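Here are the chains, one letter per residue:
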Amino acid sequence: MQSISAVGIRKKDLIKNIALGFAFPLIYLIVFFILLLIRGPNINIYETEPIKQIKNLTNILDYALYFFFMVIFGPIVEEIIHRGLLYSPYRKKYGPKKAIIITSLMFSMGHIRFGPIFFSFIDGILMGILYERTESLVSPMVFHGTRNLTSILGSYYLLMYY
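The rules we used
- Residues numbered from 1 in each chain as written.
- Predicted model: local features only at pLDDT ≥ 70, side-chain atom pairs only at ≥ 80, totals over all residues.
- Heavy atoms only, no water.
- Helix = DSSP H or I, 4+ residues; strand = E, 2+ residues; numbered from the N terminus.
- Core = buried A, V, L, I, M, F, W, Y, C linked by side-chain atoms within 4.5 Å.
- Buried < 20%, exposed > 50% of the residue type's maximum accessible area, 1.4 Å probe, protein only.
- Contact = heavy atoms within 4.5 Å.
- Polar contact = N/O pair within 3.5 Å; in protein donor to acceptor, adjacent residues only side chain to side chain.
- Expected span 1.5 Å × (residues − 1).
- Phe/Tyr/Trp six-rings, centres within 6.5 Å; stacked < 30°, edge-to-face > 60°.
- Salt bridge = Lys/Arg side-chain N within 4 Å of Asp/Glu carboxyl O.
- Axes fitted to C-alpha atoms, helices over the stretch in contact; angles between N-to-C directions.
- Left-handed = near helix turned anticlockwise from the far one by under 90°.
- Nonpolar A, V, L, I, M, F, W, Y, C, P; charged D, E, K, R; others polar.

A. Spotlight on the environment of Ile81. Mapped onto the elements, Ile81 comes out in helix α3 (residues 60-94). A sequence separation of 22 residues divides Ile81 from Thr103, and the C-alpha atoms of the two residues are 9.7 Å apart.

B. Representation of the nonpolar core in the model. Counting residues in hydrophobic clusters, the biggest one holds seven residues: Tyr87, Ala99, Ile100, Ile125, Tyr131, Leu137 and Met141. Put simply, the parts of the chain that give this core at least two residues each are α4 (96-110) and α5 (117-134). Those residues in contact with Ala99 that lie beyond four places of it in its chain are Tyr87, Tyr90 and Arg91. Counting six residues, the second largest nonpolar core, distinct from the first, contains Tyr66, Met70, Val71 and Ile152.

C. Looking closely at the side chain of His144. Locating His144 in the fold gives a position in helix α6 (residues 138-161). With a relative accessible area of 3%, His144 lands in the buried category. A distance of 3.1 Å separates polar atoms of two side chains, one belonging to His144 and the other to Glu78. Setting aside its immediate chain neighbours within four residues, His144 contacts Pro75, Glu78, Glu79, Phe107, His111 and Met127.

D. Up close: the environment of Thr150. The residue Thr150 is located in helix α6 in this model. The class for Thr150 is buried, based on a relative accessible area of 8%. The spacing of Thr150 and Leu29 is 121 residues in sequence and 6.3 Å in space, taken between C-alpha atoms. In contact with Thr150, other than residues within four places in its own chain, are Pro25, Leu26 and Leu29.

E. Fine view of α5. The first and last C-alpha atoms of α5 sit 25 Å apart over 18 residues, in line with the 26 Å expected at 1.5 Å per residue. Looking only at α5, the buried set comprises Ser120, Asp123, Gly124, Ile125, Met127, Gly128, Leu130, Tyr131 and Thr134. Remark: Glu135 follows α5 within two positions and exhibits a positive phi of approximately 55°.

F. Spotlight on the packing of aromatic side chains. Per the stated rule, a full pass over the model turns up seven aromatic pairs. Pairing Phe118 with Phe119 gives two aromatic rings, centres 5.5 Å apart and planes at 70°, and the pair type is edge-to-face.

G. Highlighting the pattern of salt bridges. Per the stated rule, a full pass over the model turns up three salt bridges. The salt bridge partner of Arg83 is Glu79, with a shortest N-O separation of 2.7 Å. Of the two residues, Arg83 and Glu79 both sit in helix α3, four residues apart, roughly one turn of that helix. Judged by relative accessible area, which is 0%, Glu79 ranks as buried.

H. Structural detail: the packing of α3 against α4. Viewed as axis vectors pointing N to C, α3 and α4 meet at an angle of 145°, and their least axial separation amounts to 8 Å. Crossing of α3 against α4: the hand is right-handed. Residues Glu78, Glu79, His82, Arg83, Leu86, Tyr87, Tyr90, Arg91 and Tyr94 of α3 lie in contact with α4, whose contacting residues are Pro96, Lys98, Ala99, Ile100, Ile102, Thr103, Met106 and Phe107. A class-by-class count of the residues in the contact of α3 with α4 yields ten nonpolar, two polar and five charged.

I. How the structure looks around unusual backbone geometry. One non-glycine residue, Glu135, lies in the positive phi region at around 55°. Assignment of secondary structure puts Glu135 in the loop between α5 and α6. A relative accessible area of 53% means that Glu135 is categorised as exposed.

Worth remembering: the numbers are spatial, not functional.
Okay, structure coming up:
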């Protein structure tokens, strides 16, 4: 049986990798709120998938499960699949740049119902770069979970105040 490091989860530089995973999506959040302040919401927020999902939550258990699957479980599983399992064969065949683009396209296609695929594609690119640079899935996992959390918080903010 292979160790968990075979798919890219390593203890080496753990704190640094976690910090990198938090930094990138927090920059996204700052940019989002700056643009929101400058331009105001220019999308029909009630048609976005996170808003639809949040509006359907009715009790604390719903919120807890939504949080768990969107911020913890989903990002871990998706990063093991996209960066851990799919990335390596493409990297061997095409090199890191093309592998990042290919797996980012796959990632964005899997997120098509959550909004413009451009943003998921950019997320995939950034997570691919983090994985390539750190040689660990920890950074992309933390990035992905934090990015989902910031998306949920941003959507909730828009729902409540706009």
